[in-house]
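Given next are the chains, with one letter for each unit.
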Amino acid sequence: MITAHLHGDARAIDVAWPDGRSATFPAIFLRDNCPSGFHPQTLEREFDLTSVDVDIEIGDVSLDNGDLTVTWKAGDHTSRFSADWLSAHTPGTAFDDPADVMPEIWRGTTSKTDLPSATAADLLSNDSRLLAFLRETKRTGLSIVTDMANDAEAGMTVARRIGFLRETNFGQTFEVMSKPDPTNLAYTSHALPLHTDLPNQELAPGFQFLHCLANEADGGGSTFCDGFAIAQDLKAQDPDAFNLLATVPIPFRFQDNGYDIRNHHTVIQLDHSGAVTELRINAHIASVFDMPADQMQTYYRAYQTILGMTRAPAYVMTTRLEGGEMVIFDNRRALHGRAAFDPSTGFRHLRGCYVDRGEFESRIRVLSRVNAS
Ligand code: AKG
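Keep in mind that this is a model prediction, so the values were computed, not measured. (Residues numbered from 1 in each chain as written. Predicted model: local features only at pLDDT ≥ 70, side-chain atom pairs only at ≥ 80, totals over all residues. Heavy atoms only, no water.)

Frequently, the measure chosen for interface size is the accessible area removed from exposure when the parts meet. The domain boundaries assigned to the protein chain delineate domain 1 (3-88) and domain 2 (112-372). Summarising the inter-unit geometry, the C-alpha centres of domain 1 and domain 2 are found 45 Å apart. (Domains from an automatic or database assignment.)

This brings us to the UniProt feature "domain: TauD/TfdA-like" (unreviewed entry) in the protein chain. As recorded in UniProt, the sites labelled "domain: TauD/TfdA-like" (unreviewed entry) are residues 122-354. Between the C-alpha atoms that bound residues 122-354 the distance is 20 Å, and the span itself is 27% helix and 30% strand. (UniProt positions renumbered as here; feature names shortened; annotations may be inferred. Helix = DSSP H or I, 4+ residues; strand = E, 2+ residues; numbered from the N terminus.)

Here the focus is the packing of aromatic side chains. By the definition in use, this model includes twelve aromatic pairs. Relative to Trp85, the ring of Phe29 lies with its centre 6.1 Å away and its plane at 35°, an arrangement referred to as tilted. Remark: Trp85 occurs in helix H2 (residues 83-88) and Phe29 occurs in helix H1 (residues 27-32); sequence separation between them is 56 residues. Phe29 gets classed as partly exposed once you look at its relative accessible area, which sits at 24%. On the basis of an interplanar angle of 35° and a centroid distance of 5.0 Å, the ring pair of Phe289 and Tyr300 is categorised as tilted. With Phe289 in the loop between strand E17 (276-279) and helix H8 (293-309) and Tyr300 in helix H8, the pair connects residues that are eleven residues apart, well separated along the chain. Of the aromatic side chains, those joined through ring pairs into one cluster are Phe25, Phe29, Phe81 and Trp85. Above the ring of Trp17, the side-chain terminus of Arg21 is found at 4.7 Å from the ring centroid. Taking NZ or CZ as reference, Lys179 lies 3.9 Å from the ring centre of Tyr187, over its face. (Phe/Tyr/Trp six-rings, centres within 6.5 Å; stacked < 30°, edge-to-face > 60°. Buried < 20%, exposed > 50% of the residue type's maximum accessible area, 1.4 Å probe, protein only. Lys NZ or Arg CZ within 6 Å of the ring centre and 35° of its normal.)

Moving on to the side chain of Gln201. By the element assignment, Gln201 lies in the loop between strand E10 (192-195) and strand E11 (207-215). Setting aside its immediate chain neighbours within four residues, Gln201 contacts Arg166, Thr168, Asn169, Ile261, Asn263 and His265. (Contact = heavy atoms within 4.5 Å.)

What follows covers the UniProt feature "domain: Gamma-butyrobetaine hydroxylase-like N-terminal" (unreviewed entry) in the protein chain. If you check UniProt for "domain: Gamma-butyrobetaine hydroxylase-like N-terminal" (unreviewed entry), the listed places come out as residues 6-86 in our numbering. Regarding residues 6-86, the helix share stands at 12% and the strand share at 35%, and the terminal C-alpha atoms are separated by 15 Å.

Looking at the secondary structure, you find Arg351 in strand E22 (residues 348-355). Side-chain polar atoms of Arg351 contact the side chain of Glu175, separated by 2.6 Å. Not counting chain neighbours up to four residues away, the residues in contact with Arg351 comprise Ala152, Glu153, Met156, Thr173, Phe174, Glu175, Phe209, Leu210, His211 and Leu213. (Polar contact = N/O pair within 3.5 Å; in protein donor to acceptor, adjacent residues only side chain to side chain.)

Bringing helix H6 (residues 227-237) into the picture now. Since the α-helix packs 3.6 residues into each turn, any two residues three or four apart lie on the same face. Taken together, the buried positions of H6 are Gly227, Phe228, Ala229, Ile230, Ala231, Asp233 and Leu234. On its buried face, H6 is in contact with strand E13 (222-226), helix H7 (239-247), strand E16 (268-270), E17, H8 and strand E20 (334-338). A side-chain oxygen of the first residue of H6 lies 3.0 Å from the backbone nitrogen of Phe228; this N-cap is Asp226.

As a matter of local geometry, the ligand sits amid Val176, Ala186, Leu192, His195, Asp197, His336, Arg338, Arg348 and Leu350. Within the side chain of Arg338, one N or O atom sits 2.8 Å away from an oxygen atom of the ligand. When the ligand sits alone it has 290 Å² of accessible area, and the protein chains cover 95% of it. Of the pockets mapped on this structure, the ligand occupies the second largest pocket. Broken down by secondary-structure element, the contributors of at least two residues to the shell around the ligand are E10, E20 and E22. Along the lines of polarity and charge, the residues of the shell around the ligand split into four nonpolar, two polar and three charged. (Near = heavy atom within 4 Å. Areas by Shrake-Rupley, 256 points an atom, 1.4 Å probe, with all protein chains shown as cover. 1 Å grid on protein atoms, 1.4 Å probe; cavity = no way out; pocket = protein on both sides within 12 Å on 5 of 7 lines; lining within 4 Å. Sits in = over half its atoms within 2 Å of the grid points. Nonpolar A, V, L, I, M, F, W, Y, C, P; charged D, E, K, R; others polar.)

Here's what the structure looks like:
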């Protein structure tokens, strides 16, 4: 059973749990989260924060069957909070999130057989297998689906089981094959150095699904690397370079007959705590740098250093996709590339699509809900 009492000036409540934990809940936080202020079906907040004084005071606190009842001094209102709710929402601690999976960094010694893998049939038919696989994919940022149907729609069918597809200027899906009049280097037979897709977009696509329908040409091997590993090592080895790449935005641009999509972004994206959340590395669509001349030399040094790391065997996994395999990777973390191939020796065709991180994580949460009950 919890204990609760007013904290000092009646603008907070101290709660203690039998296991020794304790927390202080500010009055305005409790008023804002009073269960009566949420729609019972949609679970959205209907309470209007501007309807109360931000310095709202607590009149009385009582415990009833382990639940906390708060009577507010003004407004003739009481709020009731379960002990479980209080425990799950102690201020200053991260709330439990099944999609919150700790990244596991990998380097160049990793091989295709080390990657999380599942058959397409398992993912399509088994929710708990899908949940485990999505969590593993989030952990490593790269996984493989085997036994894909020899059907151009098969990759999208798996992707749609996770979330709706992220459409881009290349469409809902894109065909990676050597084509006449290519609008993108991916549609040639040229080598592609390790890169992330579409950093020219306001928000680069999240998870990428690349279904290998045929890989019969000479060449055309695949490369992958973990951008988080590179960022982690760069920070340790060259903190000045890391800081420049995390703070100076550079222009990215894709243009063709129908589009001219440009955005400035940093190569390394940090969150409020300084953790790396994203990398944007794509020399093909990095546009002409526009930082002041006196920053260029130091920036180029840092930029060349990180590009050099994406070429280093210590980070690069070299493999080959076979027809019937599909890689799934977090395009904002894992870089992908390929060796040149000779289209006169055989057919090579990959079909790709994206599901953004938000939908991917939502699927993990919803599947966890079902699997937890
Ligand atoms: C891309 O579409 O961005 C690629 O890098 C294609 C990869 C491949 O052809 O293996």
